[in-house]
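# Residue-level structural notes
Residues per chain, in single letters:
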Amino acid sequence: MSNLIVETKKGKVEGFSENGVRKFLGVPFAESPVGNLRFKRAVPVRAWNGIKECKNMPPKPVQFVVPVDMGESEDCLYLNVWAPENAENCPVFVWIYGGGLSYGSNSDPSYDGENMAKEGIVYVAITYRLGVFGFYDFAQYDPDCDTNCGVSDMVESLRFVKENIKAFGGNPDNITICGESGGGMGVMDMLACPAAKGLFNRAIAESAPSSILGGKKAAKYMVDRLLKIMGKTPADVKNFKNLPTEELKTAGRAMVKSYADEKPYVWVPGPVFGDDLLPERPWEALAHGSAEGVDLIIGTNKDEGTCFVRPFDPSQIAMPNTWEQIYKTLELNGKQDIYEEFKTHYEKLHPDNEFMQMADIGTDRGFFYETMLIVDAQKNKANVWLYRFDYAPAAFRQNGYGSVHSSEISYALNTLDKGYFSRSLIGTPQSEVNEIRDQINGAWVAFCKYGNPNHAKCEWVKYDDSTKITHVFDLKPHNESDYKRESYELWKKVGLLYTDDKF
C-alpha cells in the first residue's frame, strides 16, 4: 500500500494505492452542516492549507430506519473516489446511494468502487443528508431554514466532482450519474434541477420512485405530524437548530414507522417540488426540456414490491398488504370508483395469490408507473433505454420473493463479494451470478465509457414510440415490447396519490 497526494482546487488530499486502485476516502465537498448550517443548503467547502488525509471511510449521515454499528454524524458531507492507477481523462461514474432518503451511506461495502476502477473508470460515491436533516420543510415555520437540503448536497457534490475530478484522473466532460431507489430518485431530481444542469452528461436510474412526496401542503402535513410526535408547536421550530441530534433522530424514526398507517403509500421523507431547486416534478421538468440531450438508462426489478409487502422484518411493512388498505388508498385519493376495475386487473394477473397481487400493486405504484412517466417525458429529448431486472438468486426464489427491490445492485456495481447484498447469493451457482453480473455491469460500464449500453452480452434496443422496448436482464436476456401496458394505463386513471389537493 503506497500513499499518494492529489491537489484539488480546494487543497491537497492524500489517499493510498491498493490492489491496483487509487483510493481517496472522505474527501470534503461542503462545509459541515452543523450549528447555524443545520437545515441549510450545502455550502461549498472552504479551501484548506496543508494536506488533508483521506484514507478512512467518512461518517455516515444520521440514519432514520435501521440502526448502524457506529459512525453516524451530522458532519457527513464527504465523498469517496476510486481511480485506476495512472488514470488520465477516464470516464467518471458517480453513485448516489438509496435507502428511501431515510438511511444509507456511501461507505456501504456494497457500493465499493474498486472493481469499477479496474474497468478504467473513476468511480465516485457521494453522500447527502437524510430524513429530518435533509428533507423536511422547516422553512414554512422558520424562514432561516432551507428547503431540499439533501437535494442541495447532491448538487454540491456534483459541482465538486465537475471542478476537481480531473485531478483524480477523470474526464469532467464525461460524467455519468447513477443511483438506486432513493438514489434513483436523486438522479431524477438532478435531471429536473436547474442548478445541476451541465454538471453531468448521462444518467442511470435504478428502481426510482420519482416523487416520494410532493408539494408544499404535503410537506406541511409531514412537519406537522413530526411536531405532534415530538410534542412541539410550530413556534418551537425556531429552536430546532439547538436540539440534540438524538432527539431529532428519535422523532424521525417514529415518523418512518407510523406514517403509512394513516395514509397508505405515503412515504417520508421526500423532496419538495415547487421551489427554486425543484420547480416541477421530474417528468414535468423533463417534458419541458430540463435534461435535453442527457441520455438515460432507467428501469425496475420485476418483483420490487415483495419485500415491502412481506418484509424480512415484519415491523418494516411499508406498503398496503390487504384489499381493504387498497380501497382506503383509492378512497383517500377520490378514486374509489375504479376499485372494482383495479381489483379485477390484479386478481387476473395473480389468481388466488393475494400476496403477489399486493406485491405487484406495490411494484407498479412505487416504481413502474413513475418510471414510465419519466420514459414518456424523456424519450423525445434524448436516447432512453428501459430495462427490467428479472433474475433472482436461489434464496429469493425459494422464499417467493423473486427479483426484489435492490437485488440488482451487487451485479450492476460488480460488488458481489462485498456488503449486505452479497449474502443473498449463498447457494446460487457462481456461473449464474457471473452471467448476470457480466450482462448488467457490462452495460453500465459501456454506457459510462461510450454512451451506449450495448456490448457482447447485451443487445439492447433503445425505447421509442414505435417499439416500446424493455430489455430484460436474466439468464436468457431478451427484449420485450410494450411491457405492462394495461397496468400503465390503469395507473394513469388512478394518477398521482396524495397531491397537494389531497392533504
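Our structure's up above, just so we're on the same page.
None of these values were measured; they are calculated from a predicted model. (Residues numbered from 1 in each chain as written. Predicted model: local features only at pLDDT ≥ 70, side-chain atom pairs only at ≥ 80, totals over all residues. Heavy atoms only, no water.)

## Description of the overall build of the protein chain
Worth spelling out the cut-off: Where helices and strands are cited, they refer to DSSP runs of H or I of at least four residues and of E of at least two residues respectively, numbered from the N terminus. Atoms counted for the radius of gyration: C-alpha only. Globule rule: 2.2 Å times residue count to the power 0.38. Accessibility here uses a 1.4 Å probe with only protein chains present; expressed as a share of the type maximum, an area under 20% marks a residue as buried, one over 50% as exposed, and anything in between as partly exposed. Two residues form a contact once any of their heavy atoms are found within 4.5 Å. Per-residue and other accessible areas follow the Shrake-Rupley method at a 1.4 Å probe size, with only the shown protein chains counted as cover for residues. For this count, His and the chain ends are skipped, Lys and Arg are scored as positive, and Asp and Glu as negative. Charged groups are reduced to one reference atom each: NZ for lysine, CZ for arginine, CG for aspartic acid, CD for glutamic acid.
For the protein chain, the helix and strand inventory stands at 15 helices and 13 strands. The globule rule puts the C-alpha radius of gyration for 503 residues at 23 Å, and the 22 Å found for the protein chain is close to it. Along the first, second and third principal axes, the C-alpha atoms of the protein chain reach 65 × 60 × 45 Å. The buried share among the 503 residues of the protein chain stands at 62%. Counting contacts in the protein chain only where the partners sit at least 6 residues apart, residues at least 24 apart contribute 76% of the total. When the accessible area of the protein chain is evaluated, it comes to approximately 18,700 Å², of which 48% is carbon and sulfur surface. Charged side chains of the protein chain number 56 positive and 69 negative; the gap between the two group centres comes to 3 Å.

## Observations regarding helix 4 (residues 182-192)
Quick reminder: α-helices carry 3.6 residues per turn. Residues three or four places apart thus point the same way. Among the 11 residues of helix 4, 11 are classified as buried, and the element is accordingly described as predominantly covered. The complete set of buried residues in helix 4 reads G182, G183, G184, M185, G186, V187, M188, D189, M190, L191 and A192.

## Comments concerning the packing of helix 11 (residues 354-378) against helix 15 (residues 485-494)
Convention followed: Geometry is summarised by axes, namely lines fitted to C-alpha atoms with helices restricted to the contacting stretch, and by angles between N-to-C directions that run from 0 to 180 degrees. Oblique is the label for any angle not covered by the other classes, which are roughly parallel (under 35 degrees), roughly antiparallel (over 145) and roughly perpendicular (65 to 115). Following the grouping adopted for this structure description, the nonpolar residues are Ala, Val, Leu, Ile, Met, Phe, Trp, Tyr, Cys and Pro, the charged ones are Asp, Glu, Lys and Arg, and the polar ones are all others, Gly among them.
Closest axis-to-axis distance for the helix 11/helix 15 pair is 10 Å, and the angle between their directions is 90°. Viewed along their axes, helix 11 and helix 15 adopt a mutual orientation that is roughly perpendicular. The residues of helix 15 that touch helix 11, namely those facing I361, D364, R365, F368, Y369, M372, L373 and D376, are S487, Y488, W491 and K492. Broken down by class, the residue content of the contact of helix 11 with helix 15 amounts to seven nonpolar, one polar and four charged.

## Some details on the pattern of salt bridges
Rule in force here: Take a side-chain nitrogen of Lys or Arg and a carboxyl oxygen of Asp or Glu: if they are within 4 Å of each other, that pair is a salt bridge.
Inspection of every chain in the model, using the stated rule, returns 37 salt bridges. For K40, the salt bridge identified is with D146, shortest N-O distance 3.8 Å. Note that K40 is positioned in the loop between strand 3 (21-28) and strand 4 (51-53) and D146 in the loop between helix 2 (131-135) and helix 3 (149-164), a separation of 106 residues in sequence. Accessibility expressed as a relative area gives 21% for D146, which makes it partly exposed.

## Considering the environment of K232
Relative to the helices and strands, K232 is located in the loop between helix 5 (216-230) and helix 6 (245-262). Through-space distance from the C-alpha of K232 to that of I440 is 48 Å; in sequence the pair is 208 residues apart. Every residue in contact with K232, bar those within four places of it in the chain, is listed here: L227, F240, L243 and E247.

## Some remarks on the side chain of R41
Rules: Side-chain atoms alone can form a polar contact between residues adjacent in sequence; in general such a contact is a pair of N or O atoms within 3.5 Å, and within protein one must be able to donate a hydrogen while the other accepts it.
Mapping R41 onto the fold places it in the loop between strand 3 and strand 4. Within the local environment of R41, its side chain forms a polar contact with the side chain of D275, the two groups lying 3.2 Å apart.

## Focus: the side chain of T127
With respect to the helices and strands, the residue T127 is situated in the loop between strand 7 (122-125) and helix 2. Within polar-contact distance, the side chain of T127 engages the side chain of Y97 at 3.0 Å. Aside from chain neighbours lying at most four places away, what touches T127 is F29, P61, C76, L77, Y78, Y97, N106 and D153.

## Overview of unusual backbone geometry
The phi dihedral of K468 is positive, around 50°, even though this residue is not glycine. In this fold, K468 is placed in the loop between helix 14 (430-450) and strand 12 (469-473). Taking the relative accessible area as the measure of exposure, K468 reaches 22% and is therefore partly exposed.

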